Each structure stands twice: as C-alpha cells, then as structure tokens.
Amino acid sequence: MSVLAQGQVGDPVLNSVVFGAFVVITLYLVYRVGSRGSSTSDYYAAGGGLTGVQNGVALSGDFLSAASFLGVAGAIAIHGYDGFMYSIGYLVAWLINLLLVAELVRNTGRFTMGDVLAFRMRQRPVRAAAATSTLVISLFYMLAQMAGAGAVVALLLDVHTKGGQALVISVVGLIMIFYVLVGGMKGTTLVQIIKAVVLLLCVVLMTVFLLGKFGFSLSALLEQAAANNTKGEKILDPGVQYGATPISTLDFISLSIALILGAAGLPHVLMRFYTVPDARQARISVVWTVGMMTVFYGATLVIGYGASALVGSERILAATGRENAAAPLLAFEIGGTVLMGVVAAVAFATILAVVAGLTITASASFAHDVYANILRRGKADPVSEVRVARVTAIVIGILAILGGILANGQNVAFLVALAFAFAASANLSTLLYSLFWKRFNTTGTLWAMYGGLGSCLVLVFFSPVLSGAPTSILSGVDFHLFPLSNPGIISIPISFIAGYLGTVLSRDKADPAKAREMEVRALTGIGR
C-alpha cells in the first residue's frame, strides 16, 4: 500500500486503539491520584512532595514536546545539520536553569513566577504583568502542540479533512482539560512521568532498530540519507536552511539566542521547581532532565537522518503533515503497523502531557496572581482560588483548541521556537535582574516585561510567520515588514535595555531591606 496514495500509514483502527488505551489508563490513574481537595499547594505544586528524580523525569516529560518528537526529527530529515540546531539549543538552554535559576526560583517563590518577580516590588502591577506574560507564552506554546495534534491525526488516523482534524484537536483539548481539572499538579505530573518514560523507550528502540538496518554503521546511514534527499550531501553540512543569505544567517542567530535563553523563562518549567521540598531536589531535577534530554536528542539525530534515508525527503514533504510526518513515516518503515501504533500513542501522549502542564501553569497564574493577589488583595480563601483556577483551565483549553485549529499544518518546532523567544524577551531579564540586581525596581520590571513582550508580539505580527511567505499562517496575504522569522535577536536585548533604563530613569527606589531578605531567602530558602 502506498503511503502517498492513501495519505496515511499503518492501520488507523490499531492506532486509534493504542491511543485510546493510553488515554483510558492515564485518565483512571489521574482520577486516583488527583487533587480533588481545596489546598492550593496540592493543586498547584503537588504539595511540594516530589523527589528530585520524580520531578526531573516529569520536567523532561513537560519539556520534550511535539516540537521535539515531531518537529525536530522532521527538520533534520529535510534540512539535515541545520535542523539539529533545534536540539542543541533546547539542550544547552538547561545550563542556565541549572546554574542561575532553579535553586533561586524554588527558594523565593511558592506557586508562580509572579511570586518571585513581585517579592520586593509593588504587588499588583508586577503580578498583572507576570500573569499577562504567562498567559501569552502558554497560549503560544499550546499552538505548537495542538498543531502537532492535527498533523499526527491526519497521518495516523486517516483524517484528511480540515473539519475532521479540527474535531480530533478538540477531543485532545477536552482530554487535557480533564487531566487538569481532576488531577491538578499531581495528576499532570503522573501523566508527564509516564509519557517521558514511554517516549524515551520509543526513540531509543527506534534508534537501535534503525542502526541495525545499516549494520550499526552511522556512516552508511548518513550516506543513504544524503542519497535519498533532494539536497544531497549538503544536508551533512551547515547552511542548507540558514546561512545562504545575510537574512537567513541573522535568522539562525536569532533562533539560537531564543532557544538558549528561552527555557529559563518558560513559566511551565519554572512552576515545576515548586513541586520539590528543597533547593537540592530542584538541582537534582535539572540534572535528571538534562540526562534524559541528552539521550533523547542524540536519538533524534539518528531518527531524523534515518527518515531521510529510508523514507526520503520527497515522500515526507508530500505526506499529510509534511515535516511533522517524518518520525511516524519512519516508524512504519522499520516496524510496520505495530511500531506505528506505538508511535501514535507516544505522539498523542506527548501532546497531552505538555498541554496539560501549560494549562495548569496558565490557570495557576491567573488564579494566584490576578484573582487572589490583585482582585482579592491576598485575602482569597483556598477553595475559591482553586475554583477560579479550574474555570480558567477550561477557558485556556478552549482557546488552545481554537488556536490549534488555526495553526494546523505549521512546523511545530518552529512555533515552539517563537514561544521561547517570547519567554526570553518577557521573563528572563526580569528574573535575572530581580535575583541579582539590588537596585532593580517596579518600573524597571514593568518596562522589561512589557517592552520585551510587546516588541516580540509586534515583530512576529509583521514577520513572515504571519504573512508574506508560502509557509505563513495567513499565506494568502502579505503585510510583513520585519524580515526575520524569529524576533529574539531584537526583542531580547530590548527587554534587558528597557529594564535597565526603567530602573535608572525612574523615581522608584528599591527597598534595601526587601532586597536583603530576598537574597537570603533565594540562597537558603529560609522564610519560604
């Protein structure tokens, strides 16, 4: 049976059964361990009772998204070396979390990024800015995951109409909402741990099977990949996607900056540091995450080139889902319908787990920062705060479904890279200034967050991401003014400069006593 003729691979019934079994099992487990009580600590942070190993595995499950499993493998299969830059950026980014962020954020805050940023600033404006940033970044990140859902569904379940794909994206969104409403952080963590283990086993087994087909010779695999790619041996060197023109070189530099600096500003990653009991466990979490991700991204390099070798770039681009279809098509080539069914379950599990983590982060930020600390001025009772968080989760889930339908067909690794640019632009400068610059004040915080976030939004709106290119979301129109697809090279420096200028030019004075208290708390955890 020809993949191109049928538009799908494997047996849609088997793929559906495997995915359905995963959903049923995880829904049951989430219900059993879920946080159905009224404690904000249980709902937001799993009571702070996870070990470093548990949280590290869950962090990798939270971070290894559809972009990692589908987008990166596809980018390597089509663009070769340049596609692997996504993997390098995602991995190197965790050094900033390990060395500068994890321990200090865990000691200073309780539930959200706003706890850290507002510690020695005026509470209401800073928490409002933190909530705005968290919601925008989370929604943008969700677009990538839900777009990935549409691609996987089209390929694996033989759903080719836009309406059918929209229906399945809606089903994925509704399951994710259930995870968050019933499970809270405990249930979400369980799903992420299961997904991380299954995903890692899947990519390792695919790598072993794939290398076995080439006599465990990486050279033979690369030679075949070059022979079966329309770009030939160019995919083994830098410059296929980036570097051919000055604009593409700048785009590459901008992408690299966004990937490396963005992870430390992702709200759903920062929130996971509150689920462990102390700073030592937070560090252990990051070490385990980096270890699991190193194995995973090493495997994606083999899988990406393997897809080019066995499937071919022309078949990948002609298949429904385009680049996102590389890993599923490869699974069908090396393992038939059985491995295809496993990959179907893993791909859906990846999307469900990451979107659940994003949803609980966004809902916690609104309920804790906006409702409890801005609207109720810190006097909200836990029952009402958790209720608001659950209602917010439903709203966020609906917005994610609508956004996923709109972004269906985009390369998910590319969309996630934009989310990283937003995170680095809006959050990284304020986190570092708050933790390490005693003079930093409320005005500087607001200038940095809104300056970085606003500039990033404007640049993306007028970039080829939205219009002016065949791969744009609105491909039929052209109003792009900014030539780069990733705005990080402009918006991230704007954020740091705005934070500095806002601090030195404003009349606000930092509170020295609060600065000293924050320093002691960040280093020791005393008073948390």
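Residues numbered from 1 in each chain as written. Predicted model: local features only at pLDDT ≥ 70, side-chain atom pairs only at ≥ 80, totals over all residues. Heavy atoms only, no water.

> Any chance you could explain the overall build of the protein chain here in plain terms?
In terms of regular secondary structure, the protein chain is built from 20 helices and zero strands. In terms of overall dimensions, the protein chain is globule-like: its C-alpha atoms have a radius of gyration of 22 Å, near the 24 Å expected for 528 residues. Once the C-alpha set of the protein chain is aligned to its principal axes, its extents read approximately 70 × 55 × 40 Å. Counting the 528 residues in the protein chain, one finds 60% classified as buried. When contacts within the protein chain are restricted to residue pairs at least 6 apart in sequence, those whose partners lie at least 24 apart make up 83%. Measuring between centres, the 32 positive side-chain charges of the protein chain sit 13 Å from its 23 negative side-chain charges. (Helix = DSSP H or I, 4+ residues; strand = E, 2+ residues; numbered from the N terminus. Rg over C-alpha atoms; globule rule 2.2 N^0.38 Å. Buried < 20%, exposed > 50% of the residue type's maximum accessible area, 1.4 Å probe, protein only. Contact = heavy atoms within 4.5 Å. Lys, Arg positive; Asp, Glu negative; His and termini not counted. Charge placed at Lys NZ, Arg CZ, Asp CG, Glu CD.)

> What is the right way to look at empty space enclosed by the protein in this model?
Where empty space is left can be seen by rolling a probe of water-molecule size over the atoms. Tallied over the entire structure, the rule returns one cavity of 30 Å³ or more. Of the volumes computed, that of the largest cavity is approximately 40 Å³. What lines the largest cavity is Thr112, Met113, Thr134, Pro267, Met271, Thr361 and Ser365. Only helix H12 (267-272) and helix H15 (326-375) provide two or more residues apiece to the lining of the largest cavity. The class makeup of the residues in the lining of the largest cavity is three nonpolar, four polar and no charged. (1 Å grid on protein atoms, 1.4 Å probe; cavity = no way out; pocket = protein on both sides within 12 Å on 5 of 7 lines; lining within 4 Å. Points joined across faces, edges and corners; volume = space filled by probe spheres on them. Nonpolar A, V, L, I, M, F, W, Y, C, P; charged D, E, K, R; others polar.)

> Can you help me understand the nonpolar core in this one?
Most often, soluble globular proteins keep nonpolar side chains buried together rather than apart. With 159 residues, the main nonpolar core has Phe63, Phe69, Tyr86, Tyr90, Met206 and Phe420 as its most contacted residues. Broken down by element, the residue count for this core peaks at 26 residues, all from H15. (Core = buried A, V, L, I, M, F, W, Y, C linked by side-chain atoms within 4.5 Å.)

> Explanation requested: H15 in the structure shown.
Each turn of an α-helix holds 3.6 residues, which means side chains three or four residues apart point in the same direction. In a regular helix each residue adds 1.5 Å, so 50 residues correspond to 74 Å; H15 covers only 48 Å between its end C-alpha atoms and thus falls short of that length. Across the 50 residues that make up H15, a large majority, 41, are buried. Arg377 sits one or two residues past H15 and shows a positive phi near 50°. (Expected span 1.5 Å × (residues − 1).)

> What exactly am I supposed to notice about the packing of aromatic side chains here?
When we look at a pair of aromatic rings, we describe it by the centre distance and by the angle of the planes. Taken as a whole, this structure holds 15 aromatic pairs when the rule is applied. With centroids separated by 5.1 Å and ring planes inclined at 85°, the aromatic side chains of Phe63 and Trp94 adopt a geometry described as edge-to-face. Here Trp94 lies in helix H6 (residues 81-108) and Phe63 lies in helix H4 (residues 52-63), a separation of 31 residues in the sequence. With respect to class, Phe63 is no different from Trp94; both count as buried. Through a chain of ring-to-ring contacts, three or more aromatic side chains come together here, namely Phe63, Tyr90, Trp94, Tyr141, Phe296, Tyr297 and Phe420. The residue whose ring lies beneath Lys514 is Phe119, and the NZ or CZ to ring-centre distance is 4.9 Å. (Phe/Tyr/Trp six-rings, centres within 6.5 Å; stacked < 30°, edge-to-face > 60°. Lys NZ or Arg CZ within 6 Å of the ring centre and 35° of its normal.)

> Would you mind showing me how to read the side chain of Thr112 here?
Here Thr112 is to be found in the loop between H6 and helix H7 (113-117). For Thr112, a relative accessible area of 4% puts it in the buried group. Excluding residues within four positions of it along the chain, Thr112 makes contact with Arg127, Tyr274, Ala364, Ser365, His368 and Asp369.

> Teacher, can you tell me more about unusual backbone geometry here?
Trans is the prevailing form of peptide bonds, just as negative phi is the prevailing case for residues other than glycine. Residues other than glycine seldom take positive phi values, yet Phe216 does so here, at roughly 55°. Along the chain, the position of Phe216 falls in the loop between helix H9 (162-213) and helix H10 (218-227). For Phe216, a relative accessible area of 59% puts it in the exposed group.

> I'm lost on the pattern of salt bridges in this one. Help?
It is possible for side chains of opposite charge to pair when their charged atoms get near one another. The final tally for this structure, using the stated rule, is seven salt bridges. A salt bridge links Glu333 to Arg315, with the nearest nitrogen and oxygen atoms 3.1 Å apart. Here the residue Glu333 occupies a position in helix H15, and Arg315 occupies one in helix H14 (residues 313-318), the gap between them amounting to 18 residues. Its relative accessible area of 31% is what places Glu333 among the partly exposed residues. Two residues, Lys514 and Glu517, come together in a salt bridge whose shortest N-O distance is 3.8 Å. Pair noted here: Lys514 and Glu517 are both in helix H20 (residues 512-524), with a separation of three residues, about one helical turn. (Salt bridge = Lys/Arg side-chain N within 4 Å of Asp/Glu carboxyl O.)

> Is there a simple way to explain the environment of Gly109 in this structure?
Within the fold, Gly109 resides in the loop between H6 and H7. What makes Gly109 buried here is its relative accessible area of 0%. Through-space distance from the C-alpha of Gly109 to that of Gly525 is 9.4 Å; in sequence the pair is 416 residues apart.

> Looking at this structure, I do not really get a nonpolar patch on the surface. What am I missing?
On the surface, Ile88, Val92, Leu95, Leu99, Leu100, Ile260 and Phe436 cluster together into a nonpolar patch covering about 610 Å² of accessible area. Element by element, the count of residues in the nonpolar patch is highest for H6, at five residues. Within the secondary structure, Leu99 sits in helix H6. With a relative accessible area of 66%, Leu99 lands in the exposed category. (Patch = residues over 30% accessible without salt bridge, like charges linked within 9 Å, V, L, I, M, F, W, Y side chains within 5 Å. Areas by Shrake-Rupley, 256 points an atom, 1.4 Å probe, with all protein chains shown as cover.)

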